[in-house]
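# Fold and geometry: a report
Take a look at the letters that make up each chain.
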Amino acid sequence: MSAGAVLDIRGLGVDFLTPRGRVHALRDVSLQVPRGSVVGVVGESGSGKSTLILAALRLLPANALILGGEVVLDGEDVLRMSPAALRDLRGRKATMVFQDPSTSLNPVLTIGRQMIDIQYRDRVPTARKRDRAATMLRKVGIPDPATRLDNYPHEFSGGMRQRIAIAMALLCNPDLLIADEPTTALDVTMEAQIIHLLRQLKSEFHGSILFVSHNLGLIAELCDRVVILYAGAVAEEGSVHDLFHRPRHPYTQALLECDPARLAKVSRELPTIPGDVPDLLAAPVGCAFAPRCPKVFERCRREAPRLVADGDGHGAACHLVPAIASSRVGPRPSTGSGRGPPVEPVET
Amino acid sequence: MSAEVSRIAPAAAARVGGFVRRIAADPMGCLGLTLVTLLLFTGVFADLLVPYDPIKIAVPERLMDPSWAHPLGTDQLGRDVLSRVIKGSQIALGVAVSAITLSFAGGVILGLLAGYGPRWLDNVLLLLFDAVYSFPSIMLALAIITLLGPSLGTVVLVVVIGSVPVYARLIRTQTLTVKTSEFVLAERSMGAGRFRIMARHILPNVIGPLLIVASMDVPVVITIEAGLSFLGLGVRPPAPSWGRILNDGYTQIRDTPWIVIGGGIPLIVTTLGFTFLGEALRDQLDPKLRKPVG
C-alpha cells in the first residue's frame with residue numbers, strides 16, 4: 001500500500017518544549033494516505049491531530065522537536081529536506097485548508113490578489129492567473145466569480161470564505177489536500193455544502209484528502225479510511241465500514257457511544273467518556289487510555305499495547321484486540337447491530 | 001521582480017485615486033485634506049508665492065503693523081513676515097517629510113525583521129530600541145546637536161533617531177500578532193517564502209496603524225523643528241523657520257503681537273490639518289470601517 005501512498009508517515013514522534021517541560025505530542029504515529037482516497041483523522045482536543053498534519057508539511061512551530069520517524073510526501077522525505085525544496089513542495093504536492101475561514105484569508109487583500117499571488121510559480125500573464133482564479137471560484141460554487149475576485153474576505157459569508165480557501169488550496173493543483181476541521185466553524189447547512197464540495201472535488205480532481213475532524217458523522221460520510229488518535233498515538237485504524245461497525249479499541253467504542261446521532265433514545269444527559277485526556281508532559285506508562293478504559297486490566301497499566309492489524313488493514317492498539325478479533329463479538333449490543341454509521345452531520 | 005512591480009502599479013494608482021475620493025467624502029477628512037494640500041502647495045511653490053524676499057533687511061520698515069503692503073506686518077529688521085511664513089512652510093515641510101519618510105522606512109524594515117525574523121535578531125533590535133528609547137528625548141536631541149552642530153540635517157537626524165524605535169516597535173508588535181494568524185500558516189502551506197509573506201501578507205496588515213501614527217507625527221516633527229529653531233538649535237539664521245519667526249516675535253512682543261501671531265497660526269493650522277487627515281486615514285485604511293462612496 002505504501003507504494004501508492006501520497007502521504008506516508010512512519011513512526012513519527014514530536015515533542016513540544018514548553019515552560020512546563022516537554023510535551024510528548026506524538027508518539028510513534030504511522031499513517032498512510034493512499035492515492036485517490038480520503039483518510040480521516042479523529043481525536044479529542046489535544047490528541048495530536050493538528051500536530052500530525054502540521055508535521056506533514058513541516059509547518060510545526062519553533063518549539064516543536066521532531067524525535068524521529070519519516071514523513072514521505074510523494075516519495076520525498078519532508079523531514080530531511082532543505083528549506084527551499086520544502087517551500088517548492090508545499091502547495092505543489094500538498095496544501096492545507098484550515099478550521100476557521102474568518103482567519104485563513106488575509107483580511108486586507110482582495111481574494112483576487114491573494115489567489116493571483118499564490119500562483120507565483122507559474123510564469124504566465126496576470127490576466128491568465130486571474131482567469132484561472134475565477135474558474136476555480138466557479139468550481140467551488142461562488143456565483144459571479146470574475147466580479148467577486150475584487151471583494152475582500154469580510155464581504156463573504158463563512159461558508160463562502162471556506163470555499164474560497166479551498167479554491168485557493170486547489171489552485172496549485174496539489175496531490176494531497178489536508179483539511180483541518182474545515183467545517184467546525186460553520187453551521188450545519190454550510191457544513192453539508194462543504195462536505196458535498198469536498199466529495200465532488202475528490203471525484204473531479206482525483207486528489208487525495210487528509211481530513212481531520214472530531215465529528216464522527218462527517219468522517220463516516222466522507223472518508224474511506226479512518227485513523228483514531230488518542231493522546232498522541234494511534235488507537236485504531238481501518239476502513240470506515242470496519243471501524244464504525246466493528247470498533248475494536250475500547251476508546252473507539254466509547255467514542256461511538258458518545259455520538260449523539262447514534263443514541264437510541266432522546267436523552268438530556270449526553271454520554272461522556274469519564275476522565276480526561278492524560279497530561280502528555282510525561283509519556284504514559286502502559287496504555288494511555290487505561291485510566292479511562294472500562295475494560296482495563298492489569299497488563300494495560302504495565303505495558304503499552306502495540307498496533308495489531310488484520311489482513312484488511314484494520315488495526316487497534318489494545319491488549320484485548322486479538323481476543324475481540326477472533327471471537328467476533330459485536331461491540332455495542334445495546335444499540336442494536338443493524339444501524340449504519342450516522343449520515344447527518346452533527347456537531348459532537 | 002521589476003515586471004511584477006510594473007503590473008501592479010496601475011492597479012495601485014487606481015486604488016490611491018479611490019482612496020483620496022473616500023477621504024474627501026468625510027467632512028473632517030476633507031478639511032484635513034484641504035489644509036494639508038494647501039500647506040503642500042505653499043511649501044512646494046514657496047519661492048513663487050512670496051511677495052518679498054524673506055531674508056531681505058529693510059530697517060526703515062521695521063515692526064510695521066499689518067497693511068495691504070505687508071499683510072502680516074514686518075519684523076524688527078523690516079523683513080516681510082508673510083514672506084517668511086511662506087518660506088518657513090517649505091523648511092517645515094522639508095524637515096517633516098524627509099524625517100518621517102526616513103523614520104517610516106527604517107521603522108518598517110526593522111520592525112518586520114524583529115517581528116518575523118529569527119529570535120536572536122528580535123532580541124538585539126529590541127535592546128537597541130530600548131536603549132534609544134530610554135534616553136530623555138530632549139537630552140538626546142541636544143547631545144546630537146552639540147556633536148554635529150545645528151543644521152536642518154541634524155534636526156532630521158534627531159527626529160529619525162527618536163522615531164525609528166517607536167515605529168519599529170509598533171510594526172513589530174503588529175507583526176507578532178499577524179504572523180501567528182491562520183492565513184500566514186495557510187500561505188506557508190501553499191509554499192509562500194519568508195520574503196513573500198513579509199512583503200505581501202504581513203506588511204499590508206501592519207502598515208495601517210503606522211501610516212496613521214506617521215501622519216499624526218508630521219505636525220509633531222514640525223513643532224520639534226520650530227522648537228529647536230526657536231532655541232537657535234535648528235535652522236541657521238537668516239533662513240526663516242517658523243520657530244525663528246516665533247523667537248523674533250517673542251523678543252518683540254512688547255512692541256507688536258503680529259510676528260508671534262504670524263508664526264503661530266501656521267503651526268496650529270498644520271497640526272489640525274494633519275490630525276484630521278490622520279483620523280480620516282485611520283477610518284479608511286481599515287476595509288471593515290470603509291464606507292462606500294455614494
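Residue numbers restart at each chain and count upward from 1, following the sequence in its written direction. Going through the entries in the order they are written, you letter the chains from A and number the ligands from 1. A pLDDT threshold of at least 70 governs which residues receive local features in this predicted model, and a stricter bar of 80 or more applies before side-chain atom pairs are shown or counted, although totals over entire chains, interfaces and linings include all residues. Hydrogen atoms and water are omitted, and side-chain values are computed over all heavy atoms in the structure.

We now examine the overall build of chain A. Helices and strands together make up the secondary structure of chain A, namely twelve helices and twelve strands. Taking all 348 residues of chain A together, 52% fall into the buried category. Expressed as a percentage of contacts within chain A between residues at least 6 apart in sequence, the contacts between residues at least 24 apart total 65%. Using the Shrake-Rupley algorithm and a 1.4 Å probe, accessible areas are obtained, with residue cover drawn only from the displayed protein chains. Total accessible area on chain A stands at roughly 14,800 Å², and carbon and sulfur atoms take up 54% of it. Where helices and strands are cited, they refer to DSSP runs of H or I of at least four residues and of E of at least two residues respectively, numbered from the N terminus. Accessible area is worked out with a 1.4 Å probe on protein chains only. A residue is then buried under 20% of its type maximum, exposed over 50%, and partly exposed in between. Contacts: residue pairs with any heavy atoms within 4.5 Å of one another.

The next point concerns the pattern of salt bridges. Residues and elements named next belong to chain A. Salt bridge criterion: a side-chain nitrogen from Lys or Arg within 4 Å of a carboxyl oxygen from Asp or Glu. Under the defined criterion, the tally for this structure stands at 24 salt bridges over all chains. Between D74 and R35 there is a salt bridge, with its nearest N and O atoms 2.8 Å apart. Taken together, the residues span a long stretch of sequence, with D74 in the loop between β4 (64–73) and β5 (76–77) and R35 in the loop between β2 (21–34) and β3 (38–42) at a distance of 39 residues. According to the relative accessible area criterion, D74 is partly exposed, its value standing at 22%.

In these notes, a set of buried Ala, Val, Leu, Ile, Met, Phe, Trp, Tyr and Cys residues joined through side-chain atoms within 4.5 Å is what counts as a nonpolar core. Formed by 105 residues in total, the largest nonpolar core has its most connected members in L7(A), L210(A) and F211(A). The dominant element in this core, judged by the number of residues it contributes, is helix α6 (residues 158–171) of chain A, at nine residues. These domain limits were set by an automatic method or by a database of domain assignments. Both domain 1 (2–223) and domain 2 (230–333) of chain A contribute no fewer than three residues apiece to this core. Grouped together as the second largest cluster of nonpolar side chains are 54 residues, I23(B), F104(B), A192(B) and V221(B) included.

Residue and element names in this part refer to chain A. Strand order across the open sheet formed by four strands is β2-β1-β4-β5, with antiparallel pairing between neighbours. With one partner strand each, in any of the chains shown, β2 and β5 form the two edges of the open sheet. Here, strands pair whenever DSSP counts at least two bridges between them. As defined by bridge partners, β4 adjoins β5 across two bridges and the pair is classed as antiparallel. Opposite V72, over in β5, you have D77 as the bridge partner. Axis definition: a line fit to C-alpha positions, over the contact stretch in the case of helices; interaxial angles, taken between N-to-C directions, run 0 to 180 degrees. Here helix α1 (residues 49–56) sits on the sheet and contacts β1 (5–18), β2 and β4; the angle it forms with β1, its principal contact strand, is near 120 degrees.

All names here are of chain A. By the assigned domains, chain A splits into domain 1 (2–223) and domain 2 (230–333). Each of domain 1 and domain 2 has a C-alpha centre, and the two are 28 Å apart. Taken together, the contact pairs 21 residues of domain 1 with 20 residues of domain 2. When two parts are put together, the accessible area they lose, computed with a 1.4 Å probe and summed over both, is reported as buried area. Around 1,600 Å² of area is buried between domain 1 and domain 2 when both sides are counted, 57% of it from carbon and sulfur atoms. Together, R27, E44 and L216 form the three largest contributors to the area buried by domain 1 at its contact with domain 2, with a combined 40%. Put simply, domain 1 and domain 2 have one salt bridge between them. In this structure, the salt-bridge partner of R292 is E44, at a minimum N-O distance of 3.3 Å.

With that out of the way, let us pick up the packing of helix α2 (residues 27–44) of chain B against helix α4 (residues 81–116) of chain B. All names here are of chain B. Contact pair α2 / α4: the axes reach a minimum separation of 7 Å and the direction vectors enclose 105 degrees. By the angle class used here, α2 and α4 are roughly perpendicular. For the pair formed by α2 and α4, the contact residues are L39, L40, T42, G43 and V44 on the first element and I86, S89, Q90 and L93 on the second. Angles below 35 degrees are treated as roughly parallel, those above 145 as roughly antiparallel, those between 65 and 115 as roughly perpendicular, and all remaining angles as oblique.

Here we come to the confidence of the model for chain A. Residues and elements named next belong to chain A. pLDDT is defined as a per-residue confidence score from the predictor, taking values between 0 and 100. Per-residue confidence for chain A gives a mean pLDDT of 82, with 90% of residues at or over 70. When the elements of chain A are averaged for pLDDT, helix α12 (residues 321–327) gives the smallest value, 56, and β3 the largest, 92. Counted against residues more than four places away or in other chains, residues 326–348, with its pLDDT under 50, gives 46 contacts.

Residue and element names in this part refer to chain B. Locating S89 in the fold gives a position in helix α4. Residue classification places S89 among the buried positions, given a relative accessible area of 3%. Each C-alpha atom, one on S89 and one on T42, is 7.0 Å from the other, the two residues being 47 residues apart in sequence. In contact with S89, other than residues within four places in its own chain, are L39, T42, G43 and W242.

Now for the interface of chain A and chain B. Taken together, the contact pairs 32 residues of chain A with 21 residues of chain B. Between chain A and chain B, roughly 2,400 Å² of surface is buried when both sides are summed, and carbon and sulfur atoms account for 55% of that area. Scanning the region where chain A abuts chain B turns up two salt bridges. We note a salt bridge from D117(A) to R200(B), for which the minimum N-O separation is 2.1 Å. N or O atoms within 3.5 Å of each other form a polar contact, as long as, within protein, one can give a hydrogen and the other can take it, and as long as residues adjacent in sequence are counted only when both atoms are side-chain atoms. At the boundary of chain A and chain B, one finds eleven residue pairs in polar contact (both at pLDDT 80 or more). The dominant element in the side of chain A that touches chain B, judged by the number of residues it contributes, is helix α3 (residues 111–117) of chain A, at four residues. Side-chain classes follow a simple rule in which Ala, Val, Leu, Ile, Met, Phe, Trp, Tyr, Cys and Pro form the nonpolar group, Asp, Glu, Lys and Arg form the charged group, and the remainder, Gly included, forms the polar group. Split by residue class, the side of chain A that touches chain B holds 17 nonpolar, nine polar and six charged.

This paragraph deals with the packing of aromatic side chains. Whether two aromatic rings pair depends on their centres lying within 6.5 Å, for rings of Phe, Tyr and Trp, where Trp uses its six-membered ring; planes under 30 degrees apart make the pair stacked, over 60 edge-to-face, and the rest tilted. For the structure shown, the criterion picks out five aromatic pairs over all chains. Here Y230(A) and F289(A) contribute two aromatic rings whose centre-to-centre distance is 5.1 Å and whose plane-to-plane angle is 85 degrees, an arrangement assigned as edge-to-face. Residue Y230(A) is found in strand β9 (residues 225–230), and its partner F289(A) is found in the loop between α10 (250–258) and α11 (298–302); the two are separated by 59 residues along the sequence. The burial state of Y230(A) is the same as that of F289(A); both residues are buried. Grouping aromatic residues by their ring pairs yields a cluster made of Y230(A), Y251(A) and F289(A). The criterion is that NZ of a Lys, or CZ of an Arg, lies within 6 Å of the ring centre and within 35 degrees of the ring normal, and then a charge sits over that ring. R196(B) extends its terminal NZ or CZ atom over the ring of Y120(A), reaching a point 3.8 Å from the ring centre.

So, about the sheet that holds β3(A). All names here are of chain A. Spatially, eight strands are ordered β6-β7-β8-β3-β9-β10-β12-β11 in an open sheet, and the strand pairing comes out mixed. A single partner strand is all that each edge strand has here, and the edge strands are β6 (94–97) and β11 (308–309). Relative to strand β8 (residues 208–213), strand β7 (residues 176–180) runs parallel, the two being bridged by five bridges. Bridging across to β8, A179 finds its partner in F211. On the sheet, helix α7 (residues 188–205) packs against β3, β7 and β8 and is oriented at approximately 160 degrees with respect to β8.

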